[in-house]
Amino acid sequence: MFDTLTDRLGDIFGRLRSKGRLSESQIDEVLDEVRMALLEADVNLQVAKDFQESVFSRCVETEIHKALNPAQQVIKSVNEELVSILGGEALTISFAEKPPTIVLLAGLQGVGKTTNAVKLARWFKSQGRNPLLVGADLQRPAAVEQLRTLAKSIDVPVFSQDSDPVTVVSQGIETARKTGRDVVICDTAGRLTIDEEMMQEIRQISDAIEPHYTFLVVDAMAGQDAVNIAESFHNQLALDAMIITKLDGDARGGAALSAKSVVGKPIAFASIGENIEDFEQFHPDRLASRILGMGDVLTLIEKAEDAFDEEEAKRATQKLISGEFTLEDFLDQMQQLKKMGPLENIMGMMPDLPPGADPSDVDESRLVRMEAIITSMTVAERHSPVIIDGSRRSRIAKGSGTSVQEVSSLLKQFKEIKRMMKGSAKPRKKSKRKGANKRKKSKPSSRVKQKSQLETPDTGTIGEFDLSDFGTFSN
Amino acid sequence: MSRISKEISKTRNKFSLFSKLQKDRKLGPDFWTEAEEMLIQADVGVKTSISLIAELKEQAREQKLTSPQDLTTCLKQNLKQILSSSERELNTRGNPAIWIFVGVNGVGKTTSIGKLAFWQYSLGIQVVMAAGDTFRAAASEQLEEWAQKCNSILIRGGEGADPSSVIFDAIEHAHSVSIPLVLADTAGRLHTKTNLMDELSKIERVASKGSGTVAEILLTLDATTGQNGLEQAKKFAAAVDVTGIILTKLDGSSRGGIIFAIQEEIGIPVKYIGIGEQSQDLIQFDPDDFVEALFDFPLED
């Protein structure tokens, strides 16, 4: 797990004590760290500098929210700014009145044009269209064959011929018209932007067919030069959108931000794997977190959202407060937590671990044992643990492969927790202050805490409890 | 001017950053910032760039260097020092010697194999190529075209065949007909995919059990790659015994600066560089030339 921006900012804010607004020099210090993170994420130097300036004013104006620590506040602003740059207006594909709609793909060598041409074809098919692929990469050995093999798997025809790229695309369009294909996707050879001859060629191709959409295909792992490359292609071709590829790796993807900044056109699609189905519409918020080095937080949120049923959580909370929470309910909650993956991984994904907390210290086996113990109980026992006498404890211990001592320990601790939690909700305020009980929809970065926060619909947070509150099985 | 500098700067006619800096006779505070930025823009990486400049400042103090020119020379020296390595030659020991090409998707493994085979062919040596990329559509066909160009023997399997067996078969065949060199292609794979990295480890294991010697495992790295290149190198080196790097696409505008961090942190030397798509566009890496070319690259206006 690499050194995240939040870790480093945490260090800065350990030193600074902020009340209310951050001073400009404090913001600068934080933004310097942000700029470093962006550079490490391969965001182009100039783009990173420009970004720092534009987000500075956003930070200065924002008052420090009491609920967020200053580091989180700045990250929130930075994240918002990143999302707005990466996002903005989405690409809406409007199909030509007189078919076919012509799509041209361009980019450097090896970025994934051929594979993504086929992915695009599949996407158009899913939109009810009838695409034709044109193999105009006559440069690379077996490029057209690659296109043919892939296209066959999705039942899309390919046109190519042994002539020259300009002729191929022109003929390809003609063929599409004759055969009633309403979308044409042209794959082209990879080319260097400093290769004048090849840049002229792509210009000629574009002039010959006048594409409705020209996509630049960009590799997510590209470095500082991505901005120059994007600019060159844009100058030559007037790009409509970009496709970012190989996002299934761990490249931070700063090149996408650079390209977007300089081209100003939407990133339409993200390619997230080698298979043809691994293609989706681009999510700016996900890339923003990734560039900042907070990608894991988003994954965690998603997993949590998948695993935790909000309704169930609310019900469980209500029960806790009223004292009705049973071992059965507790087992449910533990099993929900299990769905999120190994605890060590989950903790590793959290940016806000308390100082000294080490994910590798988490003893997952403890939870496994607790789960085993409860599972060995009868339903009646789970609902009324008071009936669990000595002989039942023996039986449970045997069934779960633990000891009578551990069973007793669990029961004792559970009783304690129940006692603590009962009635622990904050008393409702009588006064009707405006917005008193309104909860703002929280943004991802502030939703994740290392302890789980339980909320009830009306009374707000009831406080925090975490798994370590259940104590240890000491012998 | 060496071939690399010629090749790389042939379409360049703009002023380089360092020529601009060197025009200043006095040392201003901008010099350090701009020098650091130049390194960052060459994909050297933030941490490495900062430490290089810190080192340079120290040397400036100790050696009382005051002119931008002297400092530039000093910086070039430091960079060349990082890249100095004795193992620049490709190891041809074995009967046959086996060179396995690994790397992420799209970096130029197959093309590099073609170029190396061509080089051997020009020396009158026939090689065996192993179509170890059994995943990607038409990967074997791509290698086949290269094999035809260089009169190489191509050993391939069916679609979805086990890459380890294809490579093993190629080795045994080469051994049986006394061909001294096997060039084994593998499928591009992202280093984050554990199962694919495990597959690579298996490929190395199986190949080692054959009749030859795995003399080189060459990580093919795209010069366009940013900081992720370091991560790639680490993960591939953890999975297999990477002996060298082939840095491709250096004919583009990217500088490939990530190799400094790779050399420093993992100790893997760049052995060859790709400077075009044609058969002869592969030359032995020369750190001096590389560093000089780094400083020659143009500053975009």
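Residues numbered from 1 in each chain as written. Chains lettered and ligands numbered in written order. Predicted model: local features only at pLDDT ≥ 70, side-chain atom pairs only at ≥ 80, totals over all residues.

Draft legend 1. Broad picture of the overall build of chain B. Helix and strand content of chain B: 12 helices and eight strands. For a compact globule of 301 residues, the expected C-alpha radius of gyration is about 19 Å, and chain B comes in at 21 Å, within 12% of that figure. Overall size of chain B, expressed as C-alpha extent along the three principal axes, is 65 × 35 × 35 Å. Here chain B holds 301 residues, and 50% of them are scored as buried. Counting contacts in chain B only where the partners sit at least 6 residues apart, residues at least 24 apart contribute 78% of the total. (Helix = DSSP H or I, 4+ residues; strand = E, 2+ residues; numbered from the N terminus. Rg over C-alpha atoms; globule rule 2.2 N^0.38 Å. Buried ≥ 20, exposed ≤ 12 C-beta atoms within 10 Å, placed from the backbone. Contact = placed C-beta atoms within 7 Å.)

Draft legend 2. Main features of unusual backbone geometry. Residues and elements named next belong to chain A. Cis peptide bonds are those with omega within 30 degrees of zero, and the linkage from Pro99 to Pro100 qualifies with 5 degrees. Following the sequence through the fold, Pro100 ends up in the loop between helix 4 (70-86) and strand 1 (101-106). Not every positive phi belongs to a glycine, and Glu210 is a case in point at roughly 45 degrees. Looking at the secondary structure, you find Glu210 in the loop between helix 8 (196-209) and strand 5 (213-219).

Draft legend 3. The arrangement of the sheet that holds strand 5 of chain A in detail. All names here are of chain A. Ordered in space as 3-2-4-1-5-6-7-8, the eight strands form an open sheet in which the pairing is mixed. Every interior strand has two partners, whereas the edge strands, strand 3 (158-159) and strand 8 (279-281), have only one. One ladder, built from four bridges, connects strand 1 with strand 5; its direction is parallel. The partner of Leu105 across the bridge, within strand 5, is Phe215. On the sheet, helix 8 packs against strand 1, strand 2 (131-136), strand 4 (183-188) and strand 5 and is oriented at approximately 175 degrees with respect to strand 1. In the packing of helix 9 (residues 226-237) onto the sheet, the strands contacted are strand 1 and strand 5, and the crossing angle to strand 5 comes to about 165 degrees. (Pairing = 2+ DSSP bridges. Axes fitted to C-alpha atoms, helices over the stretch in contact; angles between N-to-C directions.)

Draft legend 4. Region of the structure containing the confidence of the model for chain B. All names here are of chain B. Looking at chain B as a whole, its pLDDT mean stands at 90, while 90% of the residues score no less than 70. Across residues 7-15 the pLDDT falls below 50, and counting only partners more than four positions away or on other chains, this stretch makes 14 contacts in the model. Quick note on the complex model: pTM equals 0.76, ipTM equals 0.91. (pLDDT = per-residue confidence, 0-100.)

Draft legend 5. Examining the environment of Thr224(B) more closely. Relative to the assigned elements, Thr224(B) resides in the loop between strand 5 (213-222) and helix 10 (228-239). Each C-alpha atom of the pair Thr224(B) and Arg189(B) lies 17 Å from the other, and the pair is 35 residues apart in sequence. With residues near it in sequence (within four places) discarded, Thr224(B) still touches Leu108(A), Ala222(A), Gly223(A), Asp225(A), Lys249(B), Gly252(B) and Ser254(B).

Draft legend 6. Structural detail: the nonpolar core. Membership of the largest hydrophobic core comes to 177 residues, with the highest contact counts inside it found for Leu133(A), Ile185(A), Val218(A), Met242(A), Val182(B) and Ala184(B). The leading source of residues in this core is helix 2 (residues 24-40) of chain A, at seven residues. Those residues in contact with Val182(B), other than ones at most four positions away along the chain, are Pro96(B), Ile98(B), Val127(B), Val128(B), Ala130(B), Ala170(B), Ile171(B), Ala174(B) and Gly212(B). Residues Leu320(A), Phe330(A), Ile373(A) and Val407(A) belong to the second largest nonpolar core, which totals 11 residues. (Core = buried A, V, L, I, M, F, W, Y, C linked by C-beta atoms within 7 Å.)

Draft legend 7. Structural detail: the packing of helix 3 (residues 29-41) of chain B against helix 4 (residues 46-63) of chain B. Residue and element names in this part refer to chain B. Direction vectors running N to C along helix 3 and helix 4 enclose 145 degrees, while the axes themselves pass 9 Å from each other. Between helix 3 and helix 4 lies a crossing whose hand is right-handed. Where helix 3 approaches helix 4, its residues Trp32, Ala35, Glu36, Leu39 and Ile40 are matched on the opposing element by Val46, Ser49, Ile50, Leu52, Ile53 and Lys57. When its residues are assigned to classes, the contact of helix 3 with helix 4 shows eight nonpolar, one polar and two charged. (Left-handed = near helix turned anticlockwise from the far one by under 90°. Nonpolar A, V, L, I, M, F, W, Y, C, P; charged D, E, K, R; others polar.)

Draft legend 8. Local environment of the pairing of strand 6 (residues 241-245) of chain A. All names here are of chain A. The element strand 6 is extensively covered by neighbouring structure, given that four of its five residues are classed as buried. Here strand 5 runs beside strand 6; their pairing, made up of five bridges, is parallel. The residue of strand 6 that forms the bridge with Leu216 is Met242. When strand 6 meets strand 7 (residues 267-271), the two strands line up parallel, connected through three bridges. For Met242, the partnering residue across the bridge sits in strand 7 and is Ile267.

Draft legend 9. Representation of the domain arrangement of chain B. Residue and element names in this part refer to chain B. Domain annotation of chain B identifies domain 1 (3-83) and domain 2 (97-284). Put simply, the middle of domain 1 and the middle of domain 2, counted by C-alpha atoms, are 33 Å apart. Facing the 13 residues of domain 1 at the interface are 15 residues of domain 2. At the level of secondary structure, the elements contributing two or more residues to the side of domain 1 that touches domain 2 comprise helix 1 (3-9) and helix 5 (68-83). The biggest single contributor to the side of domain 1 that touches domain 2 is helix 1, with four residues. Across the side of domain 1 that touches domain 2, the residue classes break down as eight nonpolar, two polar and three charged. (Domains from an automatic or database assignment.)

Draft legend 10. Representation of helix 4 of chain B. All names here are of chain B. End to end, helix 4 covers 25 Å across 18 residues, agreeing with the expected 26 Å (1.5 Å per residue, within 8%). Contacts from the buried residues of helix 4 go to helix 3, helix 5 and helix 11 (258-266). Positioned one or two residues after helix 4, Lys64 has a phi angle of 55 degrees, which is positive. (Expected span 1.5 Å × (residues − 1).)

Draft legend 11. Local environment of the interface of chain B and chain A. Taken together, the contact between chain B and chain A spans 33 residues of the former and 33 residues of the latter. Elements supplying a minimum of two residues to the side of chain B that touches chain A: helix 3, helix 7 (139-150) and helix 10 of chain B. Ranked by residue count, the leading element in the side of chain B that touches chain A is helix 7 of chain B, at four residues. When the residues that make up the side of chain B that touches chain A are grouped by side-chain class, the tally is eight nonpolar, 15 polar and 10 charged.

Draft legend 12. Up close: the sheet that holds strand 5 of chain B. Residues and elements named next belong to chain B. The eight strands lie next to each other as 3-2-4-1-5-6-7-8, forming an open sheet whose pairing is mixed. The sheet terminates laterally at strand 3 (153-155) and strand 8 (282-284), the two strands that pair on one side only. Across the sheet, the mean angle from the axis of one strand to that of its neighbour is 25 degrees, orientation sign disregarded. Where strand 1 (residues 97-102) meets strand 4 (residues 181-184), four bridges bridge the pair, whose relative direction is parallel. Looking across to strand 4, one finds that Trp99 is bridged to Leu183. Strands in contact with helix 8 (residues 163-176) are strand 1, strand 2 (128-130), strand 3 and strand 4; relative to strand 2, the strand with the most contacts, it is inclined by about 170 degrees. Sitting on the sheet, helix 9 (residues 194-209) is in contact with strand 1, strand 4 and strand 5, with an inclination near 175 degrees to strand 1.

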